[in-house]
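# Architecture at a glance
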Amino acid sequence: MRNDMSSNVQVNTRVRAERAVIAGSVKRSPSVKLKELLADIWKHRLSYLFIAPFFAAFTIFIVIPIAAGVMLSFTYFNAIEFPTWVGWLNFQNLFSQDIIFLQHVLPNSFKFALFVGPLGYVCAFMLAWLIAQLPSALRMWYALAMYAPSLTGGIAIAVVWQVAFTGDRTGYINSFLLKLGLIEKPILFLADKDYLMNIMILVSIWGSMGIGFLALLAGILNVDKQLYEAGKIDGISSRLQEIWYITVPSMKPQMLFAAVISIVSTLKSGGVGTAMAGNPTPDYAGQLMVSHIDDYGFIRFELGYASAISIVLLVIMLLLNKLLHALFTPKEDEV
Amino acid sequence: MKVDMRLQGKRLVYRFEDWLAAVRRIDRTQIVIIIGLTLLSAFMLLPLVYLFNHAFKPLHELLLFPPTFIVNEPTMQNFTDLMALTQTTFIPVSRYIFNSVIVTVLATAGMVFTGSLCAYPLSKHKFPGGNWFFGAIMVSLLFATEVISIPRYVVVQSLGIMNTYLGHVLPMIALPVGVFLLKQFMDQVPNELLEAAKIDGASEVKIFLRIVLPLVTPAMATITIIAFQTAWGNAETSTLFMQDDAMKTLPFYMGTLTSNLANSVARQGAAAAGALIMFLPSLIIFLIYQRKFIATMAHSGIK
């Protein structure tokens, strides 16, 4: 993207440089450059006007909070007194003193992210591929069936599944297991640390077939049919080969979009544990990074410390973003 | 009128025949896929089915063992309970619903308006800083606002818009996904078309309103859905920025209803009724726009 712009600028400057040569002065001073930039900006004043409303909201509610979060993470701040500078102390405490974080939150987050992220993503891709194999008259109905659960997002998702996992025999799951004779007395699913995590993963995957899934479906449907025929001539024999050598390479942009969306939704669905079982979750079994931030930020009001956790999470997400772009950006020879 | 009806009927018959023909072409692998997907769809939809039934069950059916999926004697009791429950906190649930509707309408309009305005120059104008700004939007696609909730709280507090509708709406307005999808879709609009309009003397505003917007209606529909879902399901602004209970929205109230729900069957009916109120508008809006949604997603790729 930046290359694009700089090449554009280069072209402009070259044109201007040529003009400058004609005028007799070869080298331009920085002040001339600045003047040209300002002229360029003035020429596009309408473009800036179009952007202004979004830019303002974006700056105030996303950019500034991120910057402020970075600042706060180096302070002690309890929401009442003015923040006091403590340097790296919050981060040191996080990685050396915070037993809940090290023993529960970190392994939980890792497990949750691994299953809901990559596993959910692969599920979404397989589902999208299967649906794409059907005649278009049927396709829409299955896509809708997969997509509908993601519409319950947020609070409704908690209600839906709390009802299923009700702790006495009137709950659907308990009654089903009782009837099969697999258990003798009802299980308090959501209060039990052995079950909570797995339930959270199941529920999150159930609700994760959202826009990312639809993007994958649209991407698969968009692949040029001729490519498959060409592939057959070139000796591709199985459907799996077809997916690996044709489908995936020709829909990398959609794959990347879906992956980015998958990270965000994984992060968001982390709240499902606290929505179902309260914060903190029983024995911290369902405690994830986001719930840990909420715990410190809005229950204990240690905002500086909570900000430090947020920054750690932000850095992890940025690294993941880099990794994804490296994985999915089409290479030169593939375009 | 009568001819029209007959034409309509004929068209329906044709469509049905097309459909039958398509069904007849199904081969053996497709049958296996269909069976598998049908089972999976049943699993995916089951929770929604019982949510629906739960909302209409009278109390004695909620406590029944073994629990039933389908409601026997449907009743509106849960919905009236939902109303009654809130009256003990002196704020009727109608107030939460009213707040939710206002906030959702304003926020959706705001997201679509600012998003489409912003996407147009990013897609069609080459101006200093444009690519840089789009890069920033791309990175911010990743940021769930949950992560920066604390500084956002500080920002909203210092703006003095706590406990106002603005406090709900403004923090939601910047929807990076919306700008991103619209920009990708606008990239498909041929530049020659805009050039031609410019030669004919159309102003930028006119080009945007009369040419670009009509051509990107599928993307507009899509981000309207996304914006609606974001705003309608958002409990964050209520939790963080509203201390006054009368300013909170339905998702927040639902959150208070659901705490420890798994161990109290009696309230499940009311909660299910509330969840249904939350779920249905999203579903209806999606059903209306579904085709446009899929069409937009084809251009969602990050290149």
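About the cut-offs
- Residues numbered from 1 in each chain as written.
- Chains lettered and ligands numbered in written order.
- Predicted model: local features only at pLDDT ≥ 70, side-chain atom pairs only at ≥ 80, totals over all residues.
- Heavy atoms only, no water.
- Helix = DSSP H or I, 4+ residues; strand = E, 2+ residues; numbered from the N terminus.
- Rg over C-alpha atoms; globule rule 2.2 N^0.38 Å.
- Buried < 20%, exposed > 50% of the residue type's maximum accessible area, 1.4 Å probe, protein only.
- Contact = heavy atoms within 4.5 Å.
- Areas by Shrake-Rupley, 256 points an atom, 1.4 Å probe, with all protein chains shown as cover.
- Axes fitted to C-alpha atoms, helices over the stretch in contact; angles between N-to-C directions.
- Parallel < 35°, antiparallel > 145°, perpendicular 65-115°, else oblique.
- Left-handed = near helix turned anticlockwise from the far one by under 90°.
- Nonpolar A, V, L, I, M, F, W, Y, C, P; charged D, E, K, R; others polar.
- Domains from an automatic or database assignment.
- Buried area = accessible area lost by both parts, 1.4 Å probe.
- Polar contact = N/O pair within 3.5 Å; in protein donor to acceptor, adjacent residues only side chain to side chain.
- Phe/Tyr/Trp six-rings, centres within 6.5 Å; stacked < 30°, edge-to-face > 60°.
- Salt bridge = Lys/Arg side-chain N within 4 Å of Asp/Glu carboxyl O.

## Comments concerning the overall build of chain B
Helix and strand content of chain B: 15 helices and zero strands. The C-alpha atoms of chain B give a radius of gyration of 24 Å, which is well past the 19 Å a tight globule of 303 residues would have. Expressed along its principal axes, the backbone C-alpha trace of chain B runs to roughly 70 × 65 × 45 Å. Expressed as a percentage of its 303 residues, the buried residues of chain B come to 53%. Contacts spanning at least 24 positions in sequence make up 73% of the contacts within chain B whose residues lie at least 6 apart. A total of about 14200 Å² of accessible surface is found on chain B, and carbon and sulfur atoms cover 67% of it.

## Overview of the overall build of chain A
Along its length, chain A carries 16 helices and two strands. Counting the 335 residues in chain A, one finds 49% classified as buried. Approximately 17000 Å² of chain A is accessible, and the part contributed by carbon and sulfur atoms is 66%.

## Digging into the packing of helix H15 (residues 289–299) of chain A against helix H16 (residues 303–328) of chain A
Residues and elements named next belong to chain A. Packing of H15 against H16 brings their axes to within 8 Å, and their N-to-C directions diverge by 160°. In this view, H15 runs roughly antiparallel relative to H16, as classed from their interaxial angle. Judged by the twist between their axes, the crossing of H15 over H16 is left-handed. Counted together, Met289, Val290, His292, Ile293, Tyr296 and Gly297 of H15 and Leu303, Tyr305, Ala306, Ile309, Ser310, Val312, Leu313 and Ile316 of H16 form the full contact between these two elements. Grouping the amino acids of the contact of H15 with H16 by side-chain chemistry returns 11 nonpolar, three polar and no charged.

## What to know about the domain arrangement of chain B
Residue and element names in this part refer to chain B. Assigned domains within chain B: domain 1 (1–55) and domain 2 (85–297). On a C-alpha basis, the centres of domain 1 and domain 2 stand 32 Å from each other. Tallying the contact residues gives five residues for domain 1 and seven residues for domain 2. At the boundary of domain 1 with domain 2, total buried surface from both sides reaches about 540 Å², with 84% on carbon and sulfur atoms. Taken as a group, Leu51, His54 and Ala55 account for 71% of the area that domain 1 buries against domain 2, more than any other trio of residues on that side. Seen at the junction of domain 1 and domain 2, the total is zero residue pairs in polar contact (both at pLDDT 80 or more).

## Things to note about the packing of aromatic side chains
Residue and element names in this part refer to chain A. Across all of its chains, the model carries 27 aromatic pairs over all chains by this definition. Where Phe95 meets Phe101, the ring centres are 5.9 Å apart and the plane angle is 80°; that geometry is what we call edge-to-face. The partly exposed category is assigned to Phe95, whose relative accessible area is 45%. According to the relative accessible area criterion, Phe101 is buried, its value standing at 0%.

## Comments concerning the pattern of salt bridges
Evaluation of the coordinates by the stated rule reveals five salt bridges over all chains. For Arg300 of chain A, the salt bridge goes to Asp295 of chain A, with nearest N and O atoms at 3.1 Å. The exposure class of Asp295 of chain A is buried, given its relative accessible area of 2%. Note that Asp187 of chain B and Lys183 of chain B form a salt bridge whose closest N and O atoms lie 3.2 Å from each other.

## Examining the interface of chain B and chain A
Interfaces are often described in size by the accessible area the parts lose on coming together. The partner chain A presents 100 residues to the 110 residues of chain B that form the contact. Of the roughly 9300 Å² buried between chain B and chain A on both sides combined, carbon and sulfur atoms contribute 80%. In terms of surface lost to chain A, no three residues of chain B exceed Leu142, Val147 and Ile150 of chain B, which account for 8% of the buried area on that side. The interface formed by chain B and chain A contains eight residue pairs in polar contact (both at pLDDT 80 or more). Of all the elements, helix H2 (residues 28–55) of chain B adds the most residues to the side of chain B that touches chain A, at 15 residues. Counted by class, the side of chain B that touches chain A contains 79 nonpolar, 25 polar and six charged residues.

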